[in-house]
Amino acid sequence: QVQLVESGGGLVQPGGSLRLSCAASGSIFGVYDMGWYRQAPGKQRELVATITSGGRTNYADSVKGRFTISRANAKNTVYLQMNSLKFEDTAVYYCNFELTSTIHYWGQGTQVTVSS
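Residues numbered from 1 in each chain as written. Predicted model: local features only at pLDDT ≥ 70, side-chain atom pairs only at ≥ 80, totals over all residues. Heavy atoms only, no water.

Engineer: I keep staring at the packing of aromatic side chains and nothing clicks. Help me out?
Structural biologist: Think of a pair of aromatic rings as described by two things: how far the centres are apart, and how the planes are tilted against each other in angle. Under the defined criterion, the tally for this structure stands at three aromatic pairs. Note on Tyr32 and Phe97: the rings are 5.1 Å apart at their centroids and 45 degrees apart in plane angle, and the pair reads as tilted. Of the two residues, Tyr32 sits in the loop between β3 (18–26) and β4 (33–39) while Phe97 sits in strand β9 (residues 91–98), which places them 65 residues apart along the sequence. The same class applies to Tyr32 as to Phe97, namely buried. When the centroid spacing of 6.4 Å and the interplanar angle of 65 degrees are considered together, the rings of Phe97 and Tyr105 count as edge-to-face. According to the relative accessible area criterion, Phe97 is buried, its value standing at 0%. (Phe/Tyr/Trp six-rings, centres within 6.5 Å; stacked < 30°, edge-to-face > 60°. Helix = DSSP H or I, 4+ residues; strand = E, 2+ residues; numbered from the N terminus. Buried < 20%, exposed > 50% of the residue type's maximum accessible area, 1.4 Å probe, protein only.)

Engineer: Any chance you could explain the environment of Ser17 here in plain terms?
Structural biologist: Residue placement: Ser17 occurs in the loop between β2 (10–12) and β3. Between the alpha carbons of Ser17 and Asp89 there is a distance of 11 Å; along the sequence they are 72 residues apart. A distance of 2.9 Å separates polar atoms of two side chains, one belonging to Ser17 and the other to Asn83. (Polar contact = N/O pair within 3.5 Å; in protein donor to acceptor, adjacent residues only side chain to side chain.)

Engineer: Quick question: what am I supposed to make of the nonpolar core here?
Structural biologist: Generally speaking, nonpolar side chains in soluble globular proteins are found buried as a group. By size, the foremost hydrophobic cluster in this structure holds 29 residues, and its most contacted members are Trp36, Leu80, Met82 and Tyr93. Sorting the residues of this core by element identifies β1 (2–7), β3, β4, β5 (46–51), β7 (67–72), β8 (77–82), β9 and β11 (110–114) as the ones contributing at least two each. Filtering out sequence-adjacent residues up to four positions away, Leu80 remains in contact with Leu18, Arg19, Leu20, Trp36, Val48, Ala49, Phe67, Thr68, Ile69 and Tyr93. (Core = buried A, V, L, I, M, F, W, Y, C linked by side-chain atoms within 4.5 Å. Contact = heavy atoms within 4.5 Å.)

Engineer: How should I be thinking about the sheet that holds β7 in this particular structure?
Structural biologist: Hydrogen bonds between backbone groups are what pair the strands of a sheet, and the pairing can be parallel or antiparallel. With antiparallel pairing, four strands are arranged side by side in an open sheet as β1-β3-β8-β7. Each edge of the open sheet carries a strand with a single partner, namely β1 and β7. Across this sheet, the average inter-strand angle for adjacent strands is 15 degrees, counted without regard to direction. Summarising the sheet, β1 and β3 pair through six bridges and their orientation is antiparallel. Looking at β3, one finds that Val5 is bridged to Ala23. (Pairing = 2+ DSSP bridges. Axes fitted to C-alpha atoms, helices over the stretch in contact; angles between N-to-C directions.)

What follows is the structure in structure tokens.
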């Protein structure tokens, strides 16, 4: 009923930038909390950044000062601007949509590879 489509991933050199986008569609009424998570090979999925319906943001320590999350509430679209990318940022990035405190939807993921 709620579909999330991520885009913007790809291959980038260290120090480069990428902007990820996530568009939510389906039977959506209102504005909801959304966020970005990532999973590197052999590691568990981890929080990258979240943004509430009111625009409050939260970041993992590893990305503070480098990544910025933002949203367009009218379309339930969330963005992740990633600057000064490092090798360790390589992962599959997933968009998250929080319908309720217990009901979450996930996108399929978009690959980000940082390599020289």
